[in-house]
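# Geometric and topological summary
One letter stands for each residue in the lines below.
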Amino acid sequence: MSLQVGIAGAGLMGRAHAEAYARNGVQVFAVADTDPERAEALAETYGARAFARLEDMVAAGANAISICLPHNLHLPAVLYCAERGVPVLIEKPHCTTAAEAWVIRKACREHRQAPMVGFTHRFLRSTIELKRRLESGEFGLVELVTDCLVAKSLGPSAPAWYGDRAAAGGGIVMMGGIHTVDRLRWLLGSEVTAVHAVCRQADAGEGVEHLAVVLLEFASGACACLAAYRSPAPGHERRHRYQIFGTQASAACGIDEFDRQQLSISAGGATAIIECSGDDPVSAEVGEFLASLREGREPRPGLDDAEIALAIVLAIYESARTGNRVLLTDFMTRYFPWRLEDQ
Ligand SMILES: NC(=O)c1ccc[n+]([C@@H]2O[C@H](COP(=O)([O-])OP(=O)(O)OC[C@H]3O[C@@H](n4cnc5c(N)ncnc54)[C@H](O)[C@@H]3O)[C@@H](O)[C@H]2O)c1
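Notes on the structure in this doc start here.

Cut-offs used in this document
Residues numbered from 1 in each chain as written. Predicted model: local features only at pLDDT ≥ 70, side-chain atom pairs only at ≥ 80, totals over all residues. Heavy atoms only, no water. Helix = DSSP H or I, 4+ residues; strand = E, 2+ residues; numbered from the N terminus. Rg over C-alpha atoms; globule rule 2.2 N^0.38 Å. Contact = heavy atoms within 4.5 Å. Areas by Shrake-Rupley, 256 points an atom, 1.4 Å probe, with all protein chains shown as cover. Buried < 20%, exposed > 50% of the residue type's maximum accessible area, 1.4 Å probe, protein only. Pairing = 2+ DSSP bridges. Axes fitted to C-alpha atoms, helices over the stretch in contact; angles between N-to-C directions. Polar contact = N/O pair within 3.5 Å; in protein donor to acceptor, adjacent residues only side chain to side chain. Parallel < 35°, antiparallel > 145°, perpendicular 65-115°, else oblique. Left-handed = near helix turned anticlockwise from the far one by under 90°. Nonpolar A, V, L, I, M, F, W, Y, C, P; charged D, E, K, R; others polar. Salt bridge = Lys/Arg side-chain N within 4 Å of Asp/Glu carboxyl O. Core = buried A, V, L, I, M, F, W, Y, C linked by side-chain atoms within 4.5 Å.

## Regarding the overall build of the chain
Of the regular secondary structure elements, the chain holds 12 helices and 15 strands. Its C-alpha atoms give the chain a radius of gyration of 20 Å, near enough to 20 Å, the size a compact globule of 343 residues would have. For the chain, the spread of C-alpha atoms along the principal axes amounts to about 60 × 50 × 45 Å. The contacts of the chain with a sequence gap of at least 6 include a subset with a gap of at least 24, amounting to 66%. Put simply, the chain shows about 15200 Å² of open surface, and 52% of that area lies on carbon and sulfur atoms.

Quick look at the structure:
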């Protein structure tokens, strides 16, 4: 059966996925978006067919789907595809509550599906280079990480659902912080054991947090201090910087834009600059999804990593709400018990 890729959601990430399939030499078969102009415009660019609904796209023959929808629509889309045995690449977060995560886990088990989840930061050239060096032992023991993401406020040009708690499930932590959480777990090769957080919300309604300061403790002994903020300052440029301090070396990395990363490694009194410009991590991510289909294996990262990253984000919210330090094992036992049973 030939591969016929469908893209659900023709917004920012739907466009990025369509471009990434093209760069991987795969012509997208169909695009579905409830906004007909968006669906048609994206379909026309890539010679695909346009549909209003995911269901119609699958009925027409789409047999592998990128889910690039608002967060509250991930669950029904994944279930629909799982029940029909259609493999999916779901944008992060794969869903926004533990209850949804369990429904997805059960359906995927029952229908023997292994979704890929779009943690794009794992495919950044800077992350891959750092991972290689951390695994080689050249950093010694990592003791401290600092990570600061300052994005623009949600202005009128941002999708309205980004600021709607019911649709997005959270603000800058659910949207951007989840990448950081997944990237650090992966880089350090260690699990988060405890979370302490403060979150602030700019408005009093059903909006989402625009500021978070988080302390993560890792099983390895490392501590990470994360700050995430949507700045209302006019003309503010997106800025994302992090530093990793080991007992033998340290790294500083900027990922303001995916194609403009700056990585430097300092060790023994010398600093090396690692060239990472022109990077295209979304194409690399889509490449992994396509390779998993070709090779008949599970894609990485998958549901396990998605559930852990989601649990950490939800623990951050619980800590911010209660003012308490949240122990991840306790949190998992309460909300993600199947993860402990699986071990
Ligand atoms: N990996 C990354 O770096 C990255 C960056 C930004 C966003 N994201 C993720 O990508 C996903 C989509 O975010 P986005 O920024 O592209 O949002 P977006 O609002 O730009 O796009 C979502 C699209 O879905 C469409 N839509 C809404 N309801 C629909 C339905 N029922 N059926 C079909 N289409 C429907 C909307 O019309 C819109 O075009 C989210 O999970 C988000 O967190 C990932």
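## As for unusual backbone geometry
The linkage connecting Lys92 with the following residue, Pro93, adopts the cis geometry, with an omega of -20 degrees. In this structure, the amide linkage connecting Arg300 to the following residue, Pro301, adopts the cis form with an omega of 0 degrees. For Pro301, the location among the structural elements is in the loop between helix H9 (281–295) and helix H10 (303–322). With a phi angle near 50 degrees, Arg112 is a residue other than glycine that sits in the positive phi range. Residue position: Arg112 is located in the loop between helix H5 (98–110) and strand E6 (116–118). On the basis of relative accessible area, Arg112 is assigned to the exposed category, the value being 77%.

## Things to note about the sheet that holds strand E1 (residues 5–8)
Two strands in a sheet stick together by hydrogen bonds in their backbones, pointing the same way (parallel) or opposite ways (antiparallel). Reading across the sheet, the 6 strands line up as E3-E2-E1-E4-E5-E6 and stay open at both edges, with parallel pairing between neighbours. Looking along the sheet, the strands with just one partner apiece sit at the ends: strand E3 (49–51) and E6. The average angle at which neighbouring strand axes cross in this sheet is 20 degrees, direction not considered. Relative to E3, strand E2 (residues 30–32) runs parallel, the two sharing 3 bridges. Residue pairing for E3: Ala30 is matched across the bridge by Arg49.

## A short note on the environment of Ser231
Residue position: Ser231 is located in strand E10 (residues 223–231). Placed 41 residues apart in sequence, Ser231 and Ala272 show a C-alpha to C-alpha distance of 32 Å. Here Ser231 is in contact with Val150, Ala151, Lys152, Ser153 and His236, once residues within four sequence places are set aside. Reaching out from Ser231, the side chain makes a polar contact with the backbone nitrogen of Ala233 at a distance of 3.1 Å.

## What about the packing of helix H1 (residues 12–23) against H9?
In the contact formed by H1 and H9, the axes pass within 8 Å of each other and the chain directions differ by 65 degrees. Here H1 lies roughly perpendicular to H9, going by the angle between them. Relative to H9, H1 is oriented so that their crossing is right-handed. Of H9, the residues touching H1 (which contributes Met13, Ala16, His17, Ala20, Tyr21 and Arg23) are Val282, Ser283, Glu285, Val286, Phe289 and Leu290. Classifying every residue of the contact of H1 with H9 by side-chain character gives 8 nonpolar, 2 polar and 2 charged.

## Points about the sheet that holds strand E14 (residues 270–275)
Pairing is mixed in the open sheet, where 9 strands are placed in the order E14-E13-E12-E11-E7-E10-E9-E8-E15. The two strands at the open ends of the sheet, each matched to only one other strand, are E14 and strand E15 (326–327). Sheet topology places strand E13 (residues 260–267) next to E14; 6 bridges connect them, and they run antiparallel. Its bridge partner being in E14, Leu263 is matched across the sheet by Ile274.

## A word on the pattern of salt bridges
Counted by the stated rule, this structure contains 27 salt bridges. With a closest N to O distance of 3.7 Å, Asp279 and Arg125 form a salt bridge. A residue pair is termed long-range when its members are at least 10 positions apart, and Asp279 in the loop between E14 and H9 and Arg125 in helix H6 (residues 125–136) qualify at 154 residues. The network of salt bridges with shared partners includes Arg122, Asp182, Arg185, Glu191 and Asp305.

## What about the nonpolar core?
Core analysis: the largest hydrophobic core is formed by 85 residues, its most contacted members being Ile65, Leu216 and Phe336. Among the elements that take part in this core, H10 stands out by supplying 12 residues, more than any other. Once residues within four sequence positions are removed from consideration, Leu216 is found in contact with Val181, Val192, Ala194, Val195, Ala222, Cys223, Ala224, Leu226 and Ile312.

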